[in-house]
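Topology and contacts: notes
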Amino acid sequence: MSKTMESTLEMGRQYERIAAWLESVGGGVYARRLLDILADPAAESTFTVAFCGLFSAGKSSLVSALSGTRLKTGANPTTADVEGVHMSLPGSTGQLQLLDTPGIDSTDERHKEATMNALYQADCVVIVADYQHVEAEENLELLHAFVEEGKRLAFVVHQIDKHLESELSFVQFADSVYSVLADYGIAEDTIFFTTVGQSPHNQLPALRSWLVAQAESEMANGGVENVRRRLVDVAKEGVAAYFDPLVQAAGEAVAKACGSAPLSADEAVSWLDREAEKLRHLREQYDTGMQAARDQAQATRESWLRLIELAQIAPYDTTEKGRIYVESLRPEFKVGLFRSAQKTDAERLRRAEAFAKDIAERVHNYLLTPLANQIASDVRQAGIDPATSARLADGAAAIHIDVDVEYVSRVVKPGALVSSQYPYQYVKDVVARIKRDALATAADLAEQFVAACLAKCEDEQATTRADMELASDRCAALQAYLDICAREQRAFDLVAAGEVPSV
């Protein structure tokens with residue numbers, strides 16, 4: 001078996017599998033088109049040209065004139081049949097097949113199906129426009145669709161015998177046609193002006209020569225590749241039909257999020273880049289604002305704690321009272337000769353009360369009152385909600401440390417009384433305990449204050465947060481759309497390689 005035959009058989013097996021896949025995903029019409037191409041014994045030696053256009057554009061008369069075979073024509077598109085004629089290619093066994101299709105403006109679904117089947121099986125499409133309807137919307141839409149697919153195309157302006165030179169020179173008319181079709185990427189050498197009547201501008205022979213040249217070129221490149229291209233075109237259309245609802249749904253989701261749908265994946269990429277940059281900027285703005293509020297609140301919190309730590313509540317006189325109180329706790333300390341135990345206890349109590357009263361006043365005047373005033377002032381300046389502001393101010397005013405004899409007594413370390421330096425250390429220990437107690441209460445208020453400041457900043461950034469959510473939704477919708485497009489492109493690549501897509 002020759003390599004060419006092996007290649008043909010393998011190609012047949014590949015596209016039979018693709019046809020089975022298309023059938024399984026609801027693309028039966030494309031599966032049948034693939035099988036029709038594979039079943040055509042003349043497919044490798046035939047170059048097929050499909051003529052399409054509006055009803056009464058003169059397609060049948062044009063095909064008849066090109067082939068020398070008379071095709072039936074009528075006043076109404078009464079049949080869904082596609083008529084075909086064959087022309088032998090000079091110097092080869094190849095055939096040029098010309099297909100006359102029903103009008104693309106037919107409302108009969110059978111006509112549409114027959115026309116599309118012919119177009120997908122064709123190696124070349126000739127769009128035929130009546131002289132007076134060159135820019136008909138249906139013609140231009142079909143032209144755009146096949147240009148997008150990369151189909152080999154020719155555009156024929158037929159029935160030019162209707163042209164009246166006295167109204168407009170033919171050169172001007174032709175230039176206007178060239179200008180319109182140039183916007184669709186149609187080169188002038190693939191645009192022909194024809195008639196089956198009489199006109200000095202008739203390019204019917206030139207069109208016939210062009211079609212023969214296209215067929216000969218294709219046959220020279222090998223008929224198997226010609227068939228493969230047809231199979232790939234049909235398979236891709238089947239893939240597109242499968243993905244169209246998914247792409248449409250994803251596009252509608254983008255339109256809902258962005259206000260309109262992208263015209264292409266490239267445009268969606270551009271939109272995604274724009275929205276991602278916007279989202280990045282908004283997040284940076286939001287994070288910067290929140291961090292500034294957090295830093296400011298934390299700085300205020302630290303100032304409260306620092307006020308406590310730096311409060312001078314044990315100056316020299318107070319320290320001396322603490323010292324003499326601790327010295328009275330030593331075993332050798334005695335007062336009087338008679339009933340000395342009672343007098344000693346009384347003296348110890350007196351010294352304890354004096355120290356406790358003195359330091360308690362210092363705590364109130366130089367720690368708690370300044371702290372409450374500072375908290376109330378900072379809370380007012382922060383501009384947090386009134387309820388939280390009042391609660392914090394009340395909480396600061398209510399901070400109380402009950403420094404009494406029992407309080408200062410519990411700090412004493414009996415085992416350290418023998419040290420001559422302990423009395424001073426004892427006062428430091430009392431101060432440390434007072435500040436720890438104050439810090440514990442103030443720290444709780446400080447945390448509430450920080451939380452309130454961040455909540456205020458959150459409220460102030462509501463618009464930024466809403467913009468972030470919108471940009472995030474847009475990014476998600478665009479990414480989903482691009483993911484669908486990427487899946488479709490992978491499926492296109494797979495069927496072009498003769499492989500079954502995994503979708």
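This section reports on the structure supplied with the text. (Residues numbered from 1 in each chain as written. Predicted model: local features only at pLDDT ≥ 70, side-chain atom pairs only at ≥ 80, totals over all residues. Heavy atoms only, no water.)

Of all 8 residues in strand E1 (residues 46–53), 8 are buried; the element is thus mostly enclosed. The alternating pattern of E1 places Thr46, Thr48, Ala50 and Cys52 and Phe47, Val49, Phe51 and Gly53 on opposite faces, both of which are buried. Bridge analysis of E1 against strand E4 (residues 124–130) gives 5 bridges, and the strand direction is parallel. The residue of E4 that forms the bridge with valine 49 is cysteine 124. (Buried < 20%, exposed > 50% of the residue type's maximum accessible area, 1.4 Å probe, protein only. Helix = DSSP H or I, 4+ residues; strand = E, 2+ residues; numbered from the N terminus. Pairing = 2+ DSSP bridges.)

At serine 56, a residue that is not glycine, the phi angle is positive and equals roughly 75°. As for its placement among the helices and strands, serine 56 is situated in the loop between E1 and helix H3 (59–67). For glutamine 159, which is not glycine, the phi dihedral falls at a positive 65°. Within the secondary structure layout, glutamine 159 lies in the loop between strand E5 (152–158) and helix H6 (170–182). Residue class for glutamine 159 comes out buried when judged on its relative accessible area of 18%.

Moving on to helix H2 (residues 28–39). For H2, which comprises 12 residues, the first-to-last C-alpha distance of 16 Å matches the rise-based estimate of 16 Å (1.5 Å per residue) to within 8%. Of all the positions in H2, only Gly28, Val29, Tyr30, Ala31, Arg33, Leu34 and Ile37 are classed as buried. (Expected span 1.5 Å × (residues − 1).)

Attention now moves to the nonpolar core. If you look at the biggest cluster of nonpolar residues, it comprises 93 residues, and the most contacted ones within it are Leu34, Tyr426, Ile434 and Phe449. Here this core gets 16 residues from one element, more than from any other, and that element is helix H14 (residues 422–460). Among residues more than four places away in sequence, those in contact with leucine 34 are Tyr15, Ile18, Ala19, Leu22, Leu231, Val234 and Ala235. Membership of the second largest hydrophobic core comes to 29 residues, among which are Ala129, Leu140, Ile186 and Phe193. (Core = buried A, V, L, I, M, F, W, Y, C linked by side-chain atoms within 4.5 Å. Contact = heavy atoms within 4.5 Å.)

One open sheet holds the 6 strands; their spatial order is E2-E3-E1-E4-E5-E6, and the pairing between them is mixed. Both edges of this open sheet fall to strand E2 (83–88) and strand E6 (191–193), since each of them pairs with a single strand only. Neighbour-to-neighbour, the strand axes of the sheet open up by a mean angle of 20°, direction not taken into account. In the sheet, E1 pairs with strand E3 (residues 95–100) via 6 bridges, with the strands oriented parallel. Residue phenylalanine 47 lies in a different strand from E3, and its bridge partner there is leucine 96. Strands in contact with helix H4 (residues 109–121) are E1, E3 and E4; relative to E1, the strand with the most contacts, it is inclined by about 140°. Contacts between H6 and the sheet are confined to E5 and E6, with E6 contributing the most and set at about 150° to the helix. (Axes fitted to C-alpha atoms, helices over the stretch in contact; angles between N-to-C directions.)

Attention now moves to the side chain of serine 60. Residue position: serine 60 is located in helix H3. For serine 60, a relative accessible area of 14% corresponds to the buried category. Looking at serine 60, its side chain comes within polar contact range of the side chain of aspartate 100, at 2.4 Å. (Polar contact = N/O pair within 3.5 Å; in protein donor to acceptor, adjacent residues only side chain to side chain.)

A few words now on the pairing of E3. Where burial is concerned, most of E3 is hidden: 5 out of the 6 residues are buried. One ladder, built from 6 bridges, connects E2 with E3; its direction is antiparallel. Among the inter-strand pairings, serine 88 is bridged to a residue of E3, identified as glutamine 95.

As a further point, take the environment of alanine 122. Among the structural elements, alanine 122 can be located in the loop between H4 and E4. A residue is classified by how much of its surface remains accessible, and alanine 122, at 1% relative accessible area, is buried. Counting along the chain gives 380 residues from alanine 122 to serine 502, while the straight-line C-alpha distance between them is 28 Å. Excluding residues within four positions of it along the chain, alanine 122 makes contact with Thr48, Ala50, Lys151 and Arg230.

To continue, consider a negative patch on the surface. There is a patch of like negative charges on the surface, built from Asp105, Glu137, Glu138 and Glu141. For aspartate 105, the location among the structural elements is in the loop between E3 and H4. When its relative accessible area of 35% is taken as the criterion, aspartate 105 is described as partly exposed. (Patch = residues over 30% accessible without salt bridge, like charges linked within 9 Å, V, L, I, M, F, W, Y side chains within 5 Å. Areas by Shrake-Rupley, 256 points an atom, 1.4 Å probe, with all protein chains shown as cover. Salt bridge = Lys/Arg side-chain N within 4 Å of Asp/Glu carboxyl O. Lys, Arg positive; Asp, Glu negative; His and termini not counted. Charge placed at Lys NZ, Arg CZ, Asp CG, Glu CD.)

Turning our attention to the layout of surface pockets. Approximately 1,100 Å³ is the volume found for the largest pocket. Considering the residues around the largest pocket, the lining is formed by 34 residues, among which Ala145, Glu148, Glu149, Glu237 and Ala240 are closest to the centre. If you list the elements that add at least two residues to the lining of the largest pocket, you get H4, helix H5 (137–149), helix H8 (223–258) and helix H15 (462–496). Sort the elements by how many residues they give to the lining of the largest pocket and H8 lands first, with 9 residues. Of the residues contributing to the lining of the largest pocket, the split by class is 15 nonpolar, 8 polar and 11 charged. (1 Å grid on protein atoms, 1.4 Å probe; cavity = no way out; pocket = protein on both sides within 12 Å on 5 of 7 lines; lining within 4 Å. Points joined across faces, edges and corners; volume = space filled by probe spheres on them. Nonpolar A, V, L, I, M, F, W, Y, C, P; charged D, E, K, R; others polar.)

Our next topic: the packing of aromatic side chains. The full count for this structure, using the stated rule, is 12 aromatic pairs. Between the aromatic rings of tyrosine 178 and phenylalanine 193, the centroid separation amounts to 5.9 Å while the plane-to-plane angle is 75°, which identifies the pairing as edge-to-face. Of this pair, tyrosine 178 sits in helix H6 while phenylalanine 193 is found in strand E6, placing the two residues 15 residues apart along the sequence. By the ring-pair criterion, three or more aromatic residues cluster together here, those being Tyr131, Phe170, Phe173, Tyr178 and Phe193. A cation over an aromatic ring shows up here: arginine 433 above the ring of tyrosine 407, its NZ or CZ 3.9 Å from the ring centre. (Phe/Tyr/Trp six-rings, centres within 6.5 Å; stacked < 30°, edge-to-face > 60°. Lys NZ or Arg CZ within 6 Å of the ring centre and 35° of its normal.)

Interpretation in functional terms is not warranted from these geometric data alone.
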